[in-house]
Amino acid sequence: MASLPVSCALASDTTKIGYVNTQRIFRDAPTAVKAAKKIEAEFTKRDQDLQRMAKQLQTLQESLEKNSVTMAETERRTKEKDLNELSREFQRKQREFREDLNLRQNEENAAIIEKANKAIKQLAESEKYDLIVQDVVWVSPRLDVTDKIIKALSEGK
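Asks: Can you lay out the packing of aromatic side chains for me, pointing to particular residues and giving the numbers?
Replies: Taken as a whole, this structure holds 1 aromatic pair when the rule is applied. Taken together, a centroid distance of 5.7 Å and an interplanar angle of 80° make the contact between Phe43 and Phe97 edge-to-face. Here Phe43, found in helix H3 (residues 30-67), pairs with Phe97, found in helix H4 (residues 73-126); they are 54 residues apart in sequence, far enough to count as distant. The burial state of Phe43 is the same as that of Phe97; both residues are buried. Above the face of the Tyr129 ring, Lys16 is positioned so that its terminal group lies 4.5 Å from the ring centre.

Asks: Break down the nonpolar core for me, with residues and values.
Replies: Within the largest apolar cluster, 17 residues are counted, with the highest numbers of intra-cluster contacts made by Val20, Ile25, Ile132, Ile149 and Leu153. At the level of elements, H3, H4 and helix H5 (146-156) are the ones that each hand at least two residues to this core. No other element matches H4, which puts 6 residues into this core. Other than its neighbours up to four places away in sequence, Leu153 contacts Ile25, Ala29, Thr31, Lys115, Ala116 and Ala119. Listed in part, the 11 residues of the second largest apolar core include Ile39, Leu50, Leu57 and Leu86.

Asks: How would you summarise unusual backbone geometry if you had to cite specific residues and measurements?
Replies: Although it is not a glycine, Lys128 sits at a positive phi angle of roughly 60°. Secondary-structure assignment places Lys128 in the loop between H4 and strand E2 (131-134). Residue class for Lys128 comes out exposed when judged on its relative accessible area of 64%. In this model, Asp135 sits at a positive phi of 50°, which is unusual for a non-glycine residue. You can see Asp135 is positioned in the loop between E2 and H5.

Asks: Which residues make up the pattern of salt bridges, and what are the values?
Replies: By the definition in use, this model includes 19 salt bridges. A salt bridge links Arg27 to Asp28; the shortest N-O distance between them is 3.0 Å. Residue class for Arg27 comes out exposed when judged on its relative accessible area of 52%. Accessibility expressed as a relative area gives 33% for Asp28, which makes it partly exposed. Notably, a salt bridge pairs Arg76 with Glu80, separated by 2.7 Å at the nearest N-O pair. Placement of the pair is Arg76 and Glu80 together in helix H4, with a separation of 4 residues, close to one helical turn. Relative accessible area serves as the criterion here: at 30%, Glu80 is assigned to the partly exposed category. Sharing partners across several salt bridges, the network here consists of Arg24, Arg27, Asp28, Asp144 and Asp147.

Basis of the calculations
- Residues numbered from 1 in each chain as written.
- Predicted model: local features only at pLDDT ≥ 70, side-chain atom pairs only at ≥ 80, totals over all residues.
- Heavy atoms only, no water.
- Phe/Tyr/Trp six-rings, centres within 6.5 Å; stacked < 30°, edge-to-face > 60°.
- Helix = DSSP H or I, 4+ residues; strand = E, 2+ residues; numbered from the N terminus.
- Buried < 20%, exposed > 50% of the residue type's maximum accessible area, 1.4 Å probe, protein only.
- Lys NZ or Arg CZ within 6 Å of the ring centre and 35° of its normal.
- Core = buried A, V, L, I, M, F, W, Y, C linked by side-chain atoms within 4.5 Å.
- Contact = heavy atoms within 4.5 Å.
- Salt bridge = Lys/Arg side-chain N within 4 Å of Asp/Glu carboxyl O.

Laid out in structure tokens, this is it:
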């Protein structure tokens, strides 16, 4: 008796199931590629500024380590204070950069997911799927409809 529902489900060949690989959508869909380029363009200048600041910080630290023995006590303290202030500012800007970047990536990913979900729903309705799943441990390649979704997103641009 316990195996009856399973055997009924297996006997029914009319169930149509599909699978969508979300990671491939984020990587390969034209909207995702466009969003990544947009984010990169937005954050390139800030990233370069941070890299310059890191080099400046490293140069100042190396100079202090190299010349601290020959410096006057007040000059050494001033350089150490400058180094500490620059280091705090660098860490603050770096943290803000990461937070802003994560926020923008999340915004763009949400928009991509929204478009993908619409495309998945349209595909399910037009091709009469009973179930389309995402994020599974393993799936047979014959159930993968990711290419159809990426194509739909390409056409929708």
